[in-house]
Amino acid sequence: MYPKSELIKVAKLYYEAGLTQQQIAEKLLYSRPTISRMLDAALKTGIVNVTIQYSLESVYELEQEIKNTFNLKKVFVAPSYIEVSSLINKDVGKELANYLTELCQPGDVLGVSWGTTLSYVSEALTRTKIEMSKFTVQNFY
């Protein structure tokens, strides 16, 4: 494997300095395919972390139709940018987590079911400090 210091150097030159892989190869005396493998290793080892920042724009007309048809108070329809079910679930989980964060107040009781989508919600939830005078856990079987 490549030394961590070299992976960091290559990643900084590529992502921060904006050099091409060919320019980095010439500068550090590696081949361009080696630079490509080093960038891949930097990503896989966590030296580089890629985050795509985007807001979930609602599909307003479809929301209104669903809301009116089923007499609902709140509906959010998230567009799917690509047809990958795990990424769609992640977007749905993110939006539901945001909504729950806005909705829940001190003293509220939140009932939660079990399911695949909820695992995506829990990943997207951020910790929020809520002062409570009494906290009770109840198990319902």
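As a starting point, this report considers the structure included with it. (Residues numbered from 1 in each chain as written. Predicted model: local features only at pLDDT ≥ 70, side-chain atom pairs only at ≥ 80, totals over all residues. Heavy atoms only, no water.)

1. A word on the overall build of the chain
For the chain, the count of helices and strands is six helices and zero strands. Listed by position from the N terminus, the elements making up the chain come as α-α-α-α-α-α. Within the span of the chain, comprising 141 residues, buried residues form 18% of the whole. Within the chain, residue pairs in contact and separated by at least 24 positions form 51% of the contacts whose partners lie at least 6 positions apart. Surface exposure of the chain reaches about 11400 Å², of which carbon and sulfur atoms provide 54%. (Helix = DSSP H or I, 4+ residues; strand = E, 2+ residues; numbered from the N terminus. Buried < 20%, exposed > 50% of the residue type's maximum accessible area, 1.4 Å probe, protein only. Contact = heavy atoms within 4.5 Å. Areas by Shrake-Rupley, 256 points an atom, 1.4 Å probe, with all protein chains shown as cover.)

2. Some details on the packing of aromatic side chains
Applying the stated criterion across every chain, the model contains one aromatic pair. Note on Tyr14 and Tyr15: the rings are 4.9 Å apart at their centroids and 90° apart in plane angle, and the pair reads as edge-to-face. (Phe/Tyr/Trp six-rings, centres within 6.5 Å; stacked < 30°, edge-to-face > 60°.)

3. Considerations on the packing of helix α5 (residues 85-103) against helix α6 (residues 116-124)
As a packed pair, α5 and α6 sit with axes 7 Å apart at the nearest point and diverge in direction by 60°. By the criterion of interaxial angle, the relationship of α5 to α6 is oblique. When you trace α5 past α6, the crossing you get is right-handed. Residues Ser86, Asn89, Lys90, Val92, Gly93, Lys94, Leu96, Ala97 and Leu100 of α5 lie in contact with α6, whose contacting residues are Thr116, Thr117, Tyr120, Val121 and Ala124. (Axes fitted to C-alpha atoms, helices over the stretch in contact; angles between N-to-C directions. Parallel < 35°, antiparallel > 145°, perpendicular 65-115°, else oblique. Left-handed = near helix turned anticlockwise from the far one by under 90°.)

4. A closer look at the layout of surface pockets
In this structure, the second largest pocket spans a volume of roughly 430 Å³. Counting residues per element, the ones that place at least two in the lining of the second largest pocket are α5 and α6. For the lining of the second largest pocket, a count of residues per class yields eight nonpolar, three polar and four charged. (1 Å grid on protein atoms, 1.4 Å probe; cavity = no way out; pocket = protein on both sides within 12 Å on 5 of 7 lines; lining within 4 Å. Points joined across faces, edges and corners; volume = space filled by probe spheres on them. Nonpolar A, V, L, I, M, F, W, Y, C, P; charged D, E, K, R; others polar.)

5. Quick word on the packing of helix α1 (residues 4-16) against helix α3 (residues 32-44)
As a packed pair, α1 and α3 sit with axes 9 Å apart at the nearest point and diverge in direction by 100°. One finds that α1 runs roughly perpendicular with respect to α3. Between α1 and α3, the contacting residues are Glu6, Leu7, Val10, Ala11, Tyr14 and Tyr15 on the first element and Ile35, Met38, Leu39, Ala41 and Ala42 on the second. Split by residue class, the contact of α1 with α3 holds ten nonpolar, no polar and one charged.

6. Remarks on the nonpolar core
Leu7, Val10, Ile24, Leu28, Ile35, Met38 and Ala42 are the most contacted members of the largest nonpolar core, which has 13 residues in total. Looking at this core, the elements that each hand over two or more residues are α1, α2 (21-28) and α3. Sorting elements by how many residues they give to this core places α3 first, with five residues. In this structure Leu7 touches Tyr2, Met38, Ala41, Ala42, Thr45 and Ile47, once residues within four positions along its chain are discounted. (Core = buried A, V, L, I, M, F, W, Y, C linked by side-chain atoms within 4.5 Å.)

7. Things to note about the pattern of salt bridges
Evaluated as defined, the whole model comprises three salt bridges. Glu6 is the partner of Lys9 in a salt bridge, and the nearest nitrogen-oxygen pair spans 3.1 Å. Linking Lys9 with Glu6, this pair stays in helix α1, spanning three residues, or about one helical turn. Ionic pairing is found between Lys12 and Glu16, a salt bridge with its closest N-O pair at 2.5 Å. A residue pair is termed a helical-turn pair when its members lie 3 or 4 positions apart in one helix, as Lys12 and Glu16 do in helix α1 at four residues. The class for Glu16 is exposed, based on a relative accessible area of 59%. (Salt bridge = Lys/Arg side-chain N within 4 Å of Asp/Glu carboxyl O.)

Purely geometric stuff here, so don't read any function into it on its own.
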